[in-house]
Amino acid sequence: MEDFNSETDSDYTSYWRDWFISSRGNEYFCEIDEDYLTDRFNLTGLNTDVQYYQYALDLVTDVFDLDCDDEMREQIEKSARHLYGLVHARYITTTRGLSKMLEKYKKSDFGKCPRVACLSHPLLPTGLSDMPNIQSVKLYCGKCEDLYNPKSSRHATIDGAYFGTSFQNILFQVYPALVPEKSIQRYEPRVFGFRVHAAAALERWQARKRDDMLGRLRDVGIQGVFMEEADEEDEEEMEEVEGEENGVEE
């Protein structure tokens, strides 16, 4: 709140949302319209999730007028930030909220995908849970369809519930033209410029799976039966190979 330290309390309360949006670490949030905040239907159920709910709402809507000590004011301020975040998750799924977040998305305000093959594609904030205090916010890339942690520690502490689990999917449904072409390019391991032989990698994978299966069979006591069948198959394969070689010689 240092931006408003020189202002009076009345001046400060009239700028609460402006201060919140412009504060460092809150760049992911968009400004919620006052009409949305003052419609009690949009706030249904939040009074049980937010301490000092009414005072916090008064602060967010710029009508706070309570003479209290600094400790109480700090608690109300904390509740106001939490309330704003919970309302924000609902607001950004509305037509107006999607439009505001779309503008931030186009400007890459949420960052760019760190994956090389995605060519710095813009990211979108998302939550892994709609319940608060479960997971911090993550960043979703529509090109590789993967999640990433925010670079800044200030953003990494934001609750993922303030964006919800559905926002990015709703955005792409409302604006289908924004759905990016999926990235099919993959990194190819090479040795001195030559690609690692796929058949060799497959053979190693099959060998590991075979060893795992033998271990499970050994645990249940039927490895001997399996090994006998495997030996019979090996003998048949050897006979076929020998027959083909003899045919070639003749």
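Because the structure is a prediction, the values reported are computed rather than measured.

## Points about the side chain of Arg-17
Turning to step 1, where the next piece is worked out: Among the structural elements, Arg-17 can be located in helix 2 (residues 16-22).
Turning to step 2, where the next piece is worked out: Of note is the side chain of Arg-17, whose polar atom sits 3.3 Å from the backbone oxygen of Val-60.
Turning to step 3, where the next piece is worked out: Excluding residues within four positions of it along the chain, Arg-17 makes contact with Glu-31, Ile-32, Asp-33, Glu-34, Leu-37, Val-60, Asp-62 and Tyr-84.

## Quick look at the environment of Ser-99
Turning to step 1, where the next piece is worked out: Tracing the backbone shows Ser-99 in helix 6 (residues 95-106).
Turning to step 2, where the next piece is worked out: A sequence separation of 75 residues divides Ser-99 from Val-174, and the C-alpha atoms of the two residues are 10.0 Å apart.

## Some words on unusual backbone geometry
Turning to step 1, where the next piece is worked out: Unlike most non-glycine residues, Tyr-52 shows phi in positive territory, near 55 degrees.
Turning to step 2, where the next piece is worked out: Among the secondary structure elements, Tyr-52 is positioned in the loop between helix 3 (34-38) and helix 4 (53-60).
Turning to step 3, where the next piece is worked out: According to the relative accessible area criterion, Tyr-52 is partly exposed, its value standing at 30%.
Turning to step 4, where the next piece is worked out: Unlike most non-glycine residues, Leu-119 shows phi in positive territory, near 55 degrees.

## A look at the pairing of strand 2 (residues 138-141)
Turning to step 1, where the next piece is worked out: Here strand 2 shows no split at all, with Lys-138 and Tyr-140 on one side and Leu-139 and Cys-141 on the other all buried.
Turning to step 2, where the next piece is worked out: The pairing of strand 1 (residues 123-126) with strand 2 spans four bridges and is classified as antiparallel. Looking at the pairing, Leu-123 lines up with Cys-141 of strand 2.
Turning to step 3, where the next piece is worked out: Looking at chain direction, strand 2 and strand 3 (residues 146-148) are connected through three bridges and run antiparallel. What sits directly across from Leu-139, in strand 3, is Tyr-148.
Turning to step 4, where the next piece is worked out: Taking the residues that link successive antiparallel strands as the turn, the strand 2-strand 3 hairpin has four residues, and the phi of Glu-145 there is positive, at about 55 degrees.

## Describing the packing of aromatic side chains
Turning to step 1, where the next piece is worked out: Scanning the model with the defined rule gives 14 aromatic pairs in all.
Turning to step 2, where the next piece is worked out: Note on Phe-29 and Tyr-84: the rings are 6.4 Å apart at their centroids and 65 degrees apart in plane angle, and the pair reads as edge-to-face. Within this pair, whereas Phe-29 is found in the loop between helix 2 and helix 3, its partner Tyr-84 is found in helix 5 (residues 70-91), the two being separated by 55 residues in sequence. As far as burial versus exposure is concerned, Phe-29 and Tyr-84 are alike and both buried.
Turning to step 3, where the next piece is worked out: Centre to centre, the rings of Tyr-36 and Tyr-91 are 5.2 Å apart; their planes meet at 70 degrees, and the pair counts as edge-to-face. Of this pair, Tyr-36 sits in helix 3 while Tyr-91 sits in helix 5, placing them 55 residues apart in sequence.
Turning to step 4, where the next piece is worked out: Its relative accessible area of 14% is what places Tyr-36 among the buried residues.

## Here we look at helix 6
Turning to step 1, where the next piece is worked out: Given a rise of 1.5 Å per residue, twelve residues ought to cover 16 Å, and the 17 Å separating the end C-alpha atoms of helix 6 matches this to within 8%.
Turning to step 2, where the next piece is worked out: By the burial criterion, the buried members of helix 6 are Gly-97, Leu-98, Lys-100, Met-101, Leu-102, Lys-104 and Tyr-105.
Turning to step 3, where the next piece is worked out: Ser-108 sits one or two positions beyond helix 6 and adopts a positive phi of about 60 degrees.

What counts and what doesn't
Residues numbered from 1 in each chain as written. Predicted model: local features only at pLDDT ≥ 70, side-chain atom pairs only at ≥ 80, totals over all residues. Heavy atoms only, no water. Helix = DSSP H or I, 4+ residues; strand = E, 2+ residues; numbered from the N terminus. Polar contact = N/O pair within 3.5 Å; in protein donor to acceptor, adjacent residues only side chain to side chain. Contact = heavy atoms within 4.5 Å. Buried < 20%, exposed > 50% of the residue type's maximum accessible area, 1.4 Å probe, protein only. Pairing = 2+ DSSP bridges. Phe/Tyr/Trp six-rings, centres within 6.5 Å; stacked < 30°, edge-to-face > 60°. Expected span 1.5 Å × (residues − 1).

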